[in-house]
Amino acid sequence: MPNPRRYRLLLIICIVLFLAEFYFFGNAAQFTAAYFAAFIFLTLRALSISSKKRMKLLMIVSYFALSAIQISFAGPVTSGNDIINPAKLFGVLSMAFPFAAERFFIVNKNASFYFPSVQELTTVTFNELKRRTGKISEYAGDIKKTGSALSFDNLVNTASDLQRHSSFRYINNGSLTEEYFKTASDSLNDNNIYIVVSDTGSAASEIISVFTKKQYNHASLSFDADLKTIISYNGGDRLYPPGLNPELIEFFNKKQDACIIVYRLEATEAQKRLILDKVREINNTGSAYNILGLMLKYSHKSNIMFCSQFVYKMLKCAGLEYFKKDEAEVRPMDFVELDVYRKLRFAYEITFEP
């Protein structure tokens, strides 16, 4: 009869050797691949649990947040060739973090894992669909949409882009030129400021939509109606470092049915100038895209933000905010859905034809 202790000891030895190999010979690409593989593995396990949909979503979001943190540090923790490298040791030990999180959910949330047979999966899925919605086609459509958003290409593109980000220091400085500020100044006499929500079809936007269940997952601000001065916090489209950047309409066309909706909000010249001055201050001081803020309510520095956080903060600095919410909790569709006093006025919509 097999000895369980012997197999457990053998497994521990294999794990130790694996981690030692990473510590002494691992590079940034290998660390990133390991972190990403763990995220995919644990996500598949989460989808197979016998638990509520909300619990599954919480687990997957937690794994994504941990993976984002790990991959953000993949480069720094593997720099240097010292035999004793505390940063690299932390990078190796952090491989256990997602599995520790899974253990936490199992112990504290009573989530039981199993991989059902094909017959069980088919039966349970059909009954669950019939009981909960009665509309199998709608559920299938959601699954198809989720599968498309979490496609291999989207996950790889998002993961590969994480190394350009920093949630702890400013990496963007001066992406807005003096020509931009001149154009924006010329628009101050327009007694409106423009809020733009968009469905761009970018890899990050598609993944975010799985968790927000919203079509529009990006928010921008413009001083003029023609969007010549449209700006936001974004990834920079590999032209600029992630942070406060100008935006071009053609950059929004990343899928066949991409679209943007433009709203106008009444604002005085003085209020718009306050916002423009604040934008100039951020542009001069520096900025970074708060990718961790998408999952955690935390900003390490004042100018590290994500798109909707930036738009809300600019409105607030001029006294133009029309709903109350913590800046780190504001999401793009909040600007529309929380407009209970009907401060916004629809301006126009741009759709990108196939």
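Residues numbered from 1 in each chain as written. Predicted model: local features only at pLDDT ≥ 70, side-chain atom pairs only at ≥ 80, totals over all residues. Heavy atoms only, no water.

### A few points about the environment of Ser 220
To be explicit about the condition: Numbering of helices and strands starts at the N terminus; helices are DSSP runs of H or I of at least 4 residues and strands are runs of E of at least 2. For every residue, the accessible area obtained with a 1.4 Å probe (protein chains only) is divided by the maximum for its type, and the residue is called buried under 20%, exposed over 50%, and partly exposed between those limits. Contacts are assigned to residue pairs that have any heavy atoms within 4.5 Å of one another. Here a polar contact is taken to be a pair of N or O atoms separated by no more than 3.5 Å, where protein atoms must pair a possible hydrogen donor with a possible acceptor and residues adjacent in sequence count only if both atoms sit in side chains.
Residue position: Ser 220 is located in strand β2 (residues 218-222). Relative accessible area serves as the criterion here: at 0%, Ser 220 is assigned to the buried category. Separated by 27 residues in the primary sequence, Ser 220 and Glu 247 place their C-alpha atoms 8.6 Å from one another. Dropping the residues within four chain positions of it, Ser 220 is found in contact with Tyr 194, Ile 195, Val 196, Ile 230, Ile 231, Ser 232, Glu 247, Phe 252 and Val 311. Among the polar contacts made by the side chain of Ser 220, one reaches the side chain of His 218 at a distance of 3.4 Å.

### Some points on helix α13 (residues 307-317)
In terms of residue burial, α13 counts as a mostly covered element, since nine of its eleven residues are buried. Every buried residue of α13 is accounted for by Cys 307, Ser 308, Gln 309, Phe 310, Val 311, Tyr 312, Lys 313, Met 314 and Leu 315. At the C-terminal side of α13, Gly 319 shows a positive phi close to 70°.

### Observations concerning the pattern of salt bridges
The criterion, for reference: Between Lys or Arg on one side and Asp or Glu on the other, a salt bridge is scored when a side-chain nitrogen of the former is within 4 Å of a carboxyl oxygen of the latter.
Counting across every chain of the model gives six salt bridges. The residue Lys 182 makes a salt bridge to Asp 186 at a minimum N-O spacing of 3.4 Å. Taken together, the positions of Lys 182 and Asp 186, both in helix α10 (residues 178-186) and four residues apart, correspond to about one turn of that helix. As a salt-bridge pair, Lys 278 and Glu 281 come within 3.3 Å of each other at their nearest N and O atoms. Remark: Glu 281 and Lys 278 occur in helix α12 (residues 269-285); sequence separation between them is three residues, near one turn of the helix. Judged by relative accessible area, which is 23%, Lys 278 ranks as partly exposed.

### Here's the deal with the packing of aromatic side chains
Test applied: Planes of paired rings set the category: under 30 degrees apart is stacked, over 60 is edge-to-face and the rest tilted, where pairs are Phe, Tyr or Trp rings (Trp by its six-membered ring) whose centres lie within 6.5 Å. By the criterion adopted, a ring carries a charge over it if an Arg CZ or a Lys NZ lies within 6 Å of its centre and within 35 degrees of its normal.
According to the stated counting rule, one finds eight aromatic pairs in the structure shown. Among the aromatic residues, ring-to-ring pairing joins Tyr 312, Tyr 322, Phe 323 and Phe 335 into one connected group. If you follow Arg 280 out to its NZ or CZ, it ends over the ring of Phe 181, 4.1 Å from the centre. A cation over a ring is seen here: Lys 301 above Tyr 170, with NZ or CZ 4.9 Å from the ring centre.

### Looking at unusual backbone geometry
Within the chain, Leu 227 stands out as a residue other than glycine whose phi angle is a positive 65°. Of note, Leu 227 is situated in the loop between β2 and β3 (231-234). One non-glycine residue with positive phi stands out, namely Arg 342, at about 55°. Along the chain, Arg 342 falls in the loop between α14 (334-337) and β8 (344-351).

### Looking at the packing of α10 against α12
Test applied: Axis lines are fitted to C-alpha atoms, over the contacting stretch for helices. Their N-to-C directions set the angle, which ranges from 0 to 180 degrees. In these notes the angle categories are as follows: under 35 degrees is roughly parallel, over 145 is roughly antiparallel, 65 to 115 is roughly perpendicular, and the rest is oblique. Amino acids outside the nonpolar list (Ala, Val, Leu, Ile, Met, Phe, Trp, Tyr, Cys, Pro) and the charged list (Asp, Glu, Lys, Arg) are all regarded as polar, and Gly is one of them.
Where α10 meets α12, the axes come as close as 11 Å, and the angle between the chain directions of the two elements is 170°. Classed by the angle they form, the pair α10 and α12 counts as roughly antiparallel. Where α10 abuts α12, its residues Glu 178, Phe 181, Ala 184 and Ser 185 lie against Leu 276, Val 279, Arg 280 and Asn 283. Split by residue class, the contact of α10 with α12 holds four nonpolar, two polar and two charged.

### Re the nonpolar core
Heads up, the condition is: We define the nonpolar core as a collection of buried residues of types Ala, Val, Leu, Ile, Met, Phe, Trp, Tyr and Cys that are connected through side-chain atoms lying within 4.5 Å of one another.
Formed by 42 residues in total, the largest nonpolar core has its most connected members in Phe 310, Leu 315 and Phe 335. Sorting the residues of this core by element identifies α10, β1 (192-199), β2, β3, β5 (259-266), α12 and α13 as the ones contributing at least two each. Among the elements that take part in this core, α13 stands out by supplying five residues, more than any other. Contacts of Phe 335, omitting those with residues within four sequence positions, involve Ile 195, Ala 219, Ser 308, Val 311, Tyr 312, Leu 315, Tyr 322, Phe 323, Val 330 and Leu 344. Of all hydrophobic cores here, the second largest spans eleven residues; its members include Phe 39, Leu 42, Phe 64 and Ala 101.

### Details of the packing of α12 against α13
Basically, it comes down to this: Crossing chirality is assigned from the near helix's rotation relative to the far helix, an anticlockwise turn below a right angle marking it left-handed and a clockwise turn marking it right-handed.
Viewed as axis vectors pointing N to C, α12 and α13 meet at an angle of 130°, and their least axial separation amounts to 8 Å. The orientation of α12 with respect to α13, classified from their angle, is oblique. As α12 packs across α13, the resulting crossing turns out to be right-handed. Along the contact surface, α12 presents Leu 274, Ile 275, Lys 278, Val 279 and Ile 282, while α13 presents Phe 310, Met 314 and Cys 317. Split into classes, the residues belonging to the contact of α12 with α13 amount to seven nonpolar, no polar and one charged.

### Description of the side chain of Gln 309
Structurally, the position occupied by Gln 309 is in helix α13. Apart from residues lying up to four places away in sequence, Gln 309 is in contact with Asn 290, Ser 299, Ile 304, Glu 327, Ala 328 and Val 330.

### Some details on α10
Defined as follows: Directions pointing from the helix axis toward each C-beta atom define the arc.
Along α10, the positions that sit buried rather than exposed are Tyr 180, Phe 181 and Ala 184. Looking straight down α10, one finds that the buried residues subtend no more than 95° of arc, so they occupy a single side. Opposite the buried face of α10, at more than 90 degrees from it, the exposed residues are Glu 178, Glu 179 and Lys 182. Looking at the buried positions of α10, the neighbouring elements they touch are β3 and α12.

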